[in-house]
Amino acid sequence: VSTQSTGESLRLFQVSTLESAMSGTLSGVEGLTALEDQEEVRKVEKQLKQRFPIGSQVSESRIIQDFTKQRFSERSVRTVLNIMIRRGELQHRMQRRVVLRVK
């Protein structure tokens, strides 16, 4: 394998990845979501922070149920929960059935 063919392979990969990201084909891949999905995730996070004060414990299934009744996708709600857990804003409790708002 020559340096030239390696460079061409890398270039083709980058071009195809960029085209997929621009068209929304990579939606769902970490960090690469469609603009509508990003907006919905922002709305869910804002509302979740308003509805559940720091120190409150709520059943994860209840959160998902409440938000899906408001016509938010379950995927967006789960995405927000996972993001907030990674940031340390939420913690799982009671065998991952309940989430505690920490900050």
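Preceding this section is the structure that the text describes.
Just so it is clear, the structure is predicted and the values come from calculations on it, not from any experiment. (Residues numbered from 1 in each chain as written. Predicted model: local features only at pLDDT ≥ 70, side-chain atom pairs only at ≥ 80, totals over all residues. Heavy atoms only, no water.)

A. Quick look at the pairing of strand β3 (residues 98-101). Burial of the side chains of β3 extends over both faces: Val98 and Leu100 are buried on one face and Val99 and Arg101 on the other. Where strand β1 (residues 57-59) and β3 come together, three bridges link them in antiparallel fashion. Following the sheet pairing, Gln57 is matched in β3 by Leu100. Here four bridges tie strand β2 (residues 90-93) to β3, and the two strands are oriented antiparallel to one another. Each residue of the ladder has a partner; that of Arg93, found in β3, is Val98. Following β2, the chain reverses through four residues before pairing antiparallel with β3; Met94 in that reversal takes a positive phi of roughly 45°. (Buried < 20%, exposed > 50% of the residue type's maximum accessible area, 1.4 Å probe, protein only. Helix = DSSP H or I, 4+ residues; strand = E, 2+ residues; numbered from the N terminus. Pairing = 2+ DSSP bridges.)

B. Geometry of unusual backbone geometry. Even without glycine at this site, Met94 takes up a positive phi of about 45°. Inspection of the secondary structure puts Met94 in the loop between β2 and β3.

C. Structural detail: helix α3 (residues 60-69). All of the buried residues along α3 are Glu60, Ile63, Ile64, Asp66 and Phe67. What you see down the axis of α3 is that its buried residues fit within an arc of 165°, all on one side. In this fold, the buried residues of α3 make contact with α2 (35-51), β1, α4 (74-87), β2 and β3. Phi turns positive, to about 75°, at Arg71, one or two residues after α3. (Arc of directions from axis to C-beta. Contact = heavy atoms within 4.5 Å.)

D. The sheet that holds β1, seen in detail. Read across the sheet, three strands follow the order β1-β3-β2 without closing on themselves; strand pairing throughout is antiparallel. At either end of the open sheet lies a strand with only one pairing partner, and these are β1 and β2. Within this sheet the neighbouring strands show an average axis-to-axis angle of 30°, counted without direction. Sheet strands in contact with α3 are β1, β2 and β3, and its direction is about 70° off that of β1. (Axes fitted to C-alpha atoms, helices over the stretch in contact; angles between N-to-C directions.)

E. Inspection of the pattern of salt bridges at higher detail. In the structure shown here, the tally under the stated rule is ten salt bridges. When the shortest N-O distance is used, the salt bridge between Lys49 and Glu45 registers 3.1 Å. Of this pair, Lys49 and Glu45 are both found in helix α2, four residues apart, which corresponds to roughly one turn of the helix. With a relative accessible area of 15%, Glu45 lands in the buried category. If you follow the salt bridges from partner to partner, you end up with Glu45, Lys49, Arg87 and Glu89 in one network. (Salt bridge = Lys/Arg side-chain N within 4 Å of Asp/Glu carboxyl O.)

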